[in-house]
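For reference, the chains in residue letters:
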Number of protein chains: 2
Amino acid sequence: MAYVNRTNAESGVNLLALRSHNAALVLDLLRTAGEGGISRLELAERTGLTPQAVSKITARLRADGLVAEAGRRASTGGKPRTVLRLVPEAGHAVGLHLDRDEMTVVLCDLTGAVVAERRVPLDLGAGADAVVESAAGEVEALLARAGVSVLGAGVALPGPLDHSRGVLHRVTGFPEWDGFPLRDALAGRLGVPVVVDKDTNAAALGIAVVGRESGIGKTGDVAPGPLESFAYLHLGTGLGAGLVIGGGVHRGARTGAGEFGHQVIQLDGPPCGCGNRGCIEALCLAAVDRGAVGEAARVLGVGAANLVGLLDIDLVLLGGRTVAAHEEAFVRGVGAVLEERARLEGVDDGAIPVRVAPGGARGVAEGAAQLLLAPLFGRGED
Amino acid sequence: MAYVNRTNAESGVNLLALRSHNAALVLDLLRTAGEGGISRLELAERTGLTPQAVSKITARLRADGLVAEAGRRASTGGKPRTVLRLVPEAGHAVGLHLDRDEMTVVLCDLTGAVVAERRVPLDLGAGADAVVESAAGEVEALLARAGVSVLGAGVALPGPLDHSRGVLHRVTGFPEWDGFPLRDALAGRLGVPVVVDKDTNAAALGIAVVGRESGIGKTGDVAPGPLESFAYLHLGTGLGAGLVIGGGVHRGARTGAGEFGHQVIQLDGPPCGCGNRGCIEALCLAAVDRGAVGEAARVLGVGAANLVGLLDIDLVLLGGRTVAAHEEAFVRGVGAVLEERARLEGVDDGAIPVRVAPGGARGVAEGAAQLLLAPLFGRGED
DNA sequence: TGCACTTTGGCAACAGCGTTGCGAAAGTGG
DNA sequence: CCACTTTCGCAACGCTGTTGCCAAAGTGCA
């Protein structure tokens, strides 16, 4: 269903926008329910709409082929509830992860599940045009084999960029990318809408939407379903963060939020590649280099504790190759710092949990696909 | 106009909610326009609604006494536009600032302007019941003199608390306040709705809504009107922050966001009263104590730069007694750090501006009143 | 087997939202 | 004085979610 465009300050809601919003909300609940499905009455309870309104909305969605009936629940003494389910094949999106040395392309269905995948070596230094051509070729090959058309393609890559305009600022170590209008270049080449974002934001979005993690509600209860707020900290060749606040990725005024690696946590500390001193990234990677993983985890933990204290989020997730190589040490070390901080502040409900991010190596590409899928479920740029 | 309550996950929008939203949006534009007013056609352009819809909405608002016609614009060749204006006297709210040694009570009209004020000494250590009684007495005296009824009272005070439940966690140095249900106690005593928040959040809300500051748009242009995103850093007897993201105060999952003073920026640094080491608050206040204001400003600047990098906000505002005593030194020192950081990161549009927060000593109380006024304009807990 | 009861969910009528078509009102300019 | 422009309200309309009602589809007891 077409989502209503929102220009600058136009936030008046007419009936069309209202319908889109409610339809997206219902679709989101259907998606979250997964294969188990959800009944009309449950949808009514969760949305606050009347059962009759839900019946009308789901009738439209069924007519559009996005939703189907799928069996019935057990009776509770009357007519059993009819279970509704999202039709996964009703839409697809491409997720493209351009890493420094590798390209991952995935094709995801409406539920976000990967239905096709391809991974090939990549040299980001080969130049923008060559990489765009190569990526477009891979995408087209994947689509041809799958035999489907797509809503569009999401692209995730390292380094600061302008999400709203789809223009790269720079890719560290590859100056030839400075200012490259990747979105328009790829959209022109593929002929479908393209959305560009940082790799950390894509990974965070994927986790926020698909949420293989258990959510933690406001009351402190562990609840299933999507996560409301968390930080995804990615430690690989560099250190960055994706922030999810209120169920959506926080990108900030100039879409540059998440500069976590260059948070200064040691005044006049050792110099960092960025020209500053005492950045978390420099301290953390130096500790890893000299084999002091515990110290690296402590440094990362101090940064995480700063972030948690500042934003009051629910959860910290760790990812990236360096974390993957020492999962237990990092989770334990970061967790210890958060527990100590919570103890000092006398927080009643205990420390914020720390876990390894789900998704693994494919998580960024899956999240990139969500850049196009998420808006269908009302999880776009609200 | 009654704003629709939102329970946990019920975010379905029905026609009543739609009407409330659009009415609040129009009211917000009228408030922002101030004494100059705004015409129906301008409202239509700004909201994206049709002129006829705006006419119907404003007709309802006029019937409710919230809006009035106020002259006409110059003609541009046809019938001149009728100017509409918010009626300030159509509603009032109380703002109560409980500081460690002083209580400030203000009565604000719909536009947020202070129409009555009272300031008296206060001893927070006198105990919760005595303070509530004293505060309620001051509020009642103010209301009796002004001869108006109010929408409710907003209360701002230092220290961490639970905004959603209106319960204090603790007030540093006054353990007898631990866990005190201030909202319910005061609401029961006054007989009007009460909302409780941290002093820094209240100050930030006041600035965000009334915005005597010039806003800075996404394009980098300086634009009038409310601010989209900024951090209010308050340096007094302690150090705290109020964060405004997307036009609203960010409180976080447990309404504890803004713990800025205890961000660690010096690993294994000097001990802080909180039990940790290297907190900004400890470093900054120690520097002030030994007369090194420049160093204090640099420390504050490093914290501010961390915050700006993490959240990508538009503006940093400084407030509090310590800042007020050395305004120029702090603005210059913090600004220098931000400029250096922006230069290192190669940000095109230059550094984030740093300014002294408007509002002065009364700012917190005014912001507290906005805890009740802002929801009328759609600036509540969206 | 039959009947009372419970629960689900669609049909139809309805109130209320913003939209569209149109005309009155209120200016400017020749 | 009249043609023209622009604003803005009235009336009809399409569409939203809501309400009242009833058929459908089960359970459970006699």
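Residues numbered from 1 in each chain as written. Chains lettered and ligands numbered in written order. Predicted model: local features only at pLDDT ≥ 70, side-chain atom pairs only at ≥ 80, totals over all residues. Heavy atoms only, no water.

Draft legend 1. Geometry of the domain arrangement of chain A. For chain A, the domain assignment lists domain 1 (15–89), domain 2 (91–203 + 372–377) and domain 3 (214–357). Measuring from the centre of the C-alpha atoms in domain 1 of chain A to the corresponding centre in domain 3 of chain A gives 37 Å. (Domains from an automatic or database assignment.)

Draft legend 2. Highlighting the sheet that holds strand 2 (residues 67–72) of chain B. All names here are of chain B. Spatially, the three strands line up as an open sheet ordered 1-3-2, and their pairing is antiparallel. Unpaired on one side and paired on the other, strand 1 (38–39) and strand 2 mark the two borders of the sheet. Here strand 2 runs beside strand 3 (residues 82–86); their pairing, made up of four bridges, is antiparallel. Bridge pairing in strand 3 links Ala68 to Arg85. (Pairing = 2+ DSSP bridges. Helix = DSSP H or I, 4+ residues; strand = E, 2+ residues; numbered from the N terminus.)

Draft legend 3. Just the protein's contact with DNA strand C, in detail. Taken together, 27 residues surround DNA strand C, and among them Ser55(A), Arg81(A), Thr82(A), Arg19(B) and Thr50(B) come closest. Sugar and phosphate atoms represent 65% of those atoms of DNA strand C found within 4 Å of the protein. Between a phosphate oxygen of DNA strand C and a side-chain N or O atom of Arg81(A), the distance comes to 2.5 Å. Note that a phosphate oxygen of DNA strand C is positioned 2.5 Å from one of the side-chain N or O atoms of Thr50(B). Broken down by secondary-structure element, the contributors of at least two residues to the surface near DNA strand C are helix 2 (40–47) and helix 3 (51–63) of chain A together with helix 1 (15–33) and helix 3 (51–63) of chain B. (Near = heavy atom within 4 Å. Polar contact = N/O pair within 3.5 Å; in protein donor to acceptor, adjacent residues only side chain to side chain.)

Draft legend 4. Region of interest: the side chain of Asp199(B). Residue and element names in this part refer to chain B. Along the chain, the position of Asp199 falls in helix 6 (residues 199–210). One buried charge, Asp199, has no salt-bridge partner; the nearest side chain with opposite charge is Arg100, at 5.7 Å. Residue contacts for Asp199: discarding those within four places in its chain leaves His97, Ala156, Leu157, Pro158 and Val364. (Buried < 20%, exposed > 50% of the residue type's maximum accessible area, 1.4 Å probe, protein only. Lys, Arg positive; Asp, Glu negative; His and termini not counted. Salt bridge = Lys/Arg side-chain N within 4 Å of Asp/Glu carboxyl O. Contact = heavy atoms within 4.5 Å.)

Draft legend 5. Region of interest: the interface of chain B and chain A. With 60 residues of chain B at the interface, the matching set in chain A holds 60 residues. Carbon and sulfur atoms make up 50% of the area that chain B and chain A hide from each other, which totals about 5,100 Å². Viewed at the interface, chain A and chain B are joined by two salt bridges. When the shortest N-O distance is used, the salt bridge between Arg298(A) and Asp268(B) registers 3.2 Å. Connecting chain B to chain A are 32 residue pairs in polar contact (both at pLDDT 80 or more). Of all the secondary structure elements, the ones that give two or more residues to the side of chain B that touches chain A are helix 1, helix 2 (40–47), strand 14 (239–245), helix 8 (293–311) and helix 10 (327–345) of chain B. The greatest single-element share of the side of chain B that touches chain A, amounting to eight residues, is contributed by helix 8 of chain B. Partitioning the side of chain B that touches chain A into residue classes produces 24 nonpolar, 21 polar and 15 charged. (Buried area = accessible area lost by both parts, 1.4 Å probe. Nonpolar A, V, L, I, M, F, W, Y, C, P; charged D, E, K, R; others polar.)

Draft legend 6. Quick look at the side chain of His250(A). Relative to the helices and strands, His250(A) is located in the loop between strand 15 (248–249) and helix 7 (280–289). At 2.9 Å, the side chain of His250(A) and the backbone oxygen of Leu311(B) are in polar contact. Excluding its chain neighbours within four sequence positions, the residues that come into contact with His250(A) are Leu243(A), Ile245(A), Ala257(A), Ile245(B) and Leu311(B).

Draft legend 7. Spatial organisation of the relation of the copies chain B and chain A. Rotating chain B by 180 degrees and moving it 0.0 Å along the rotation axis overlays it on chain A with an RMSD of 0.0 Å. Here the transformation between the copies is reduced to the relation of a two-fold axis. Looking at chain B, 100% of its interface residues are interface residues in chain A too, so the copies touch through the same face. (Least-squares fit on C-alpha atoms with pLDDT ≥ 70 in both.)

Draft legend 8. Quick look at the protein's contact with DNA strand D. Of all residues adjacent to DNA strand D, which total 28 residues, the nearest are Arg19(A), Thr50(A), Ser55(B), Arg81(B) and Thr82(B). When the atoms of DNA strand D within 4 Å of the protein are grouped by moiety, sugar and phosphate amount to 63% of the total. The separation between a base oxygen of DNA strand D and a polar side-chain atom of Lys56(A) is 3.1 Å. Elements with a minimum of two residues in the surface near DNA strand D: helix 1 (15–33) and helix 3 of chain A together with helix 2 and helix 3 of chain B. Counting residues per element, the surface near DNA strand D draws most heavily on helix 3 of chain A, which supplies five residues. Tallied by class, the residues present in the surface near DNA strand D amount to eight nonpolar, twelve polar and eight charged.

Draft legend 9. Molecular detail of the packing of helix 1 of chain B against helix 2 of chain B. Residue and element names in this part refer to chain B. Orientation of helix 1 relative to helix 2, taken along the N-to-C sense of each, is 120 degrees, at an axis distance of 11 Å. Both helix 1 and helix 2 take part in a crossing whose hand is right-handed. Counted together, Leu25, Val26 and Leu29 of helix 1 and Leu43, Arg46 and Thr47 of helix 2 form the full contact between these two elements. When grouped by side-chain class, the residues that make up the contact of helix 1 with helix 2 number four nonpolar, one polar and one charged. (Axes fitted to C-alpha atoms, helices over the stretch in contact; angles between N-to-C directions. Left-handed = near helix turned anticlockwise from the far one by under 90°.)

Draft legend 10. Spatial organisation of the pattern of salt bridges. Residues and elements named next belong to chain A. This model, assessed by the stated rule, comprises 40 salt bridges over all chains. The residue Glu133 makes a salt bridge to Arg189 at a minimum N-O spacing of 2.8 Å. In this pair, Glu133 sits in helix 4 (residues 128–146) while Arg189 sits in helix 5 (residues 182–190), placing the two residues 56 residues apart along the sequence. Salt bridges sharing common partners tie together Glu117, Arg119, Arg362 and Glu366.

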